[in-house]
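So you can see what is in the structure, the chains are spelled out below.
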Amino acid sequence: MAPTSINPRPGHERQDHRYGSGMSRVLVVAAGGGGDAITASALVAASPEDDGVAVMSYSWDRLMIDPTPGPRTRHDFTGLTELASGVMQVRPASQLTTPGISTLVQLAEDLPLPLLLLDPVDGATGIGEQVHAAAEYFDCDSLMLVDVGGDALARGDEPGLRSPIADFLALAACARTGLPVQLLITGLGLDGELETSEMNSRLDELSGTEVAKLDGDAVAEILHLFEWHPSEANGLLAAAASGTRGVVETRDGSGTITVTSASTRVHRVDAAKAIASSPASRLLDTTSLDDVEDAIRELRGTSEIDYERDKARRLATGNAEAPTVESLRAIDDYVSEAANRGIDYLTIRRAAELVNAMNTRTLQQLRQLLREERAGQYVPPLYRTGSE
């Protein structure tokens, strides 16, 4: 699995297709949402032995992009195309029926493979049926499940674990299909949740094997997507593969992440062991998203969708502010102090929080200002605290 740059393989141009090159035909499932779908595309291009034919992903975006908490379902969209029973393809003309933006819509235009919606409305049972039907439609004989950050490794009781639902639900759904599952984990720790010692221990338990390292060639065709896509973990992975190293401060001032060469490693783990020894096993028979949340609450006391509901209420009472040159001075003051604390970069999301540019419009305005006024420090998906 030597890293290469992304280019659609013959027969994989932007069109529907059912027949390919004769290699192992693989349906790719992005465990964490649209950001993981971007990385999954890079991994498909970097895996010459696998003929990846489509990517399935949740539509689950940051509240600053989509103010509705939790993942979206097929009923939240217009313009989807039903390829088979329950298999919904996201198109560039698709759109949400309520306020907000699904980043999958833009990715449907930018990514080389067909992009399919993972709809969690019927829990793991429903998603498993969707994945199985998609595999049949595209004549796939196996699944590639991609997780960036490492939540899919979790046992569920780790104190730093904040957002396990998407990963555990995807694991459970893939298990229900009965198809062989290749579980790939990369960007370990880039979501700022599990500790390095926790992840290394689980990699040992789950027979983890390093199969590749991503480099600049592997992300050359996706790096530009993080000029607009808000995923911090996947953006950090793309930056790491491009050679970025250093300490990064992320959203909510929740801590720092150190980007190293180890961030680019891709590990293959035993999916069956991961499912059996994690809360994914508790989700296997769920038939609704409410069932999934109840199972996670029973384990952890709350779910990340509860957190999003609370945060959405807080955001609804405030107003995002249009950034100005004065806003940039406030960022300048902050990054000067951050540099003294040993911080090399802020994520763009963190910079936006500093000046309350917390919706799609104001975030775009801030990016444009940074591009024009701070070109030496604006290195999407990051903002450098020092000069070049």
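Everything discussed here concerns the structure shown above.
Predicted model, so just to flag it, every value in this text is computed and none were measured.

Each value, and the rule that gives it
Residues numbered from 1 in each chain as written. Predicted model: local features only at pLDDT ≥ 70, side-chain atom pairs only at ≥ 80, totals over all residues. Heavy atoms only, no water. Axes fitted to C-alpha atoms, helices over the stretch in contact; angles between N-to-C directions. Helix = DSSP H or I, 4+ residues; strand = E, 2+ residues; numbered from the N terminus. Parallel < 35°, antiparallel > 145°, perpendicular 65-115°, else oblique. Contact = heavy atoms within 4.5 Å. Nonpolar A, V, L, I, M, F, W, Y, C, P; charged D, E, K, R; others polar. Phe/Tyr/Trp six-rings, centres within 6.5 Å; stacked < 30°, edge-to-face > 60°. Buried < 20%, exposed > 50% of the residue type's maximum accessible area, 1.4 Å probe, protein only. Expected span 1.5 Å × (residues − 1). Pairing = 2+ DSSP bridges. Disulfide = S-S within 2.5 Å. Left-handed = near helix turned anticlockwise from the far one by under 90°.

Kindly report on the packing of helix H9 (residues 289-300) against helix H10 (residues 304-316), identifying the contributing residues and their values.
Relative orientation and spacing of two packed helices are given, respectively, by the angle between their axes and the distance between those axes. It is at 9 Å that the axes of H9 and H10 come closest, and there the two elements cross at 100°. Judged by the angle between their axes, H9 and H10 are roughly perpendicular. Contact residues: H9 offers Leu289, Glu293 and Arg297, while H10 offers Ile305, Asp306 and Arg309. Considered class by class, the residues forming the contact of H9 with H10 number 2 nonpolar, no polar and 4 charged.

Break down the packing of aromatic side chains for me, with residues and values.
Enumeration over the complete set of coordinates arrives at 2 aromatic pairs. A ring pair is formed by tyrosine 58 and tryptophan 60, whose centres lie 6.4 Å apart and whose planes are at 80°; its orientation type is edge-to-face. Seen in terms of ring centroids, tyrosine 137 and phenylalanine 138 are 4.9 Å apart; in terms of plane orientation they differ by 80°. Their pairing is edge-to-face. Judged by relative accessible area, phenylalanine 138 falls into the buried class, the value being 0%.

Give a detailed account of helix H4 (residues 165-177), specifying residues and quantitative values.
Here H4 spans 19 Å end to end across 13 residues, near enough to the 18 Å set by a 1.5 Å rise per residue. When you tally the buried positions in H4, you get 11 out of 13 residues, the bulk of the element. All buried positions along H4 are accounted for by Ile165, Ala166, Asp167, Phe168, Leu169, Ala170, Leu171, Ala172, Ala173, Cys174 and Thr177. Taken from the residues just after H4, glycine 178 is the one with a positive phi, measuring 80°.

Kindly report on the environment of alanine 134, identifying the contributing residues and their values.
The topology assignment puts alanine 134 in helix H3 (residues 123-137). Accessibility expressed as a relative area gives 0% for alanine 134, which makes it buried. Leave out the neighbours within four places in its chain, and alanine 134 touches Leu27, Met56, Val87 and Leu116.

Describe the sheet that holds strand E11 (residues 246-249), with residues and values.
Whenever strands of a sheet pair, they do so through backbone hydrogen bonds, lying parallel or antiparallel. Taken together, 5 strands build an open sheet; the order of strands is E12-E11-E14-E16-E15 and the sheet is mixed. Here the strands that pair on one side only, and so sit at the sheet edges, are strand E12 (256-259) and strand E15 (378-379). Sheet topology places E15 next to strand E16 (residues 382-384); 2 bridges connect them, and they run antiparallel. Its bridge partner being in E16, tyrosine 378 is matched across the sheet by tyrosine 383. Contacts from helix H7 (residues 232-241) reach E11, E12, strand E14 (345-347) and E16, with the element oriented near 25° to E12.

Before we move on, could you go through the state of the cysteines and cite the residues and values that matter?
According to the stated counting rule, one finds 0 disulfides in the structure shown. As a non-bridged cysteine, cysteine 140 has cysteine 174 as the owner of its nearest cysteine sulfur, 12 Å distant. For cysteine 140, a relative accessible area of 10% gives the class buried.

An account of the packing of H3 against H4 is requested, with residue identities and associated values reported.
At their nearest, the axes of H3 and H4 sit 8 Å apart, and the two run at 55° to each other. The angle between H3 and H4 falls in the class oblique. Of the two elements, H3 crosses H4, and the hand of that crossing is right-handed. Seen from H3, the contacting residues are Gly123, Ala124, Thr125, Ile127, Gly128, Val131 and His132; seen from H4, they are Leu169, Ala172, Ala173, Arg176 and Thr177. Here the residues of the contact of H3 with H4 sort into 6 nonpolar, 5 polar and 1 charged.

These values are about where atoms sit, not about what they do.
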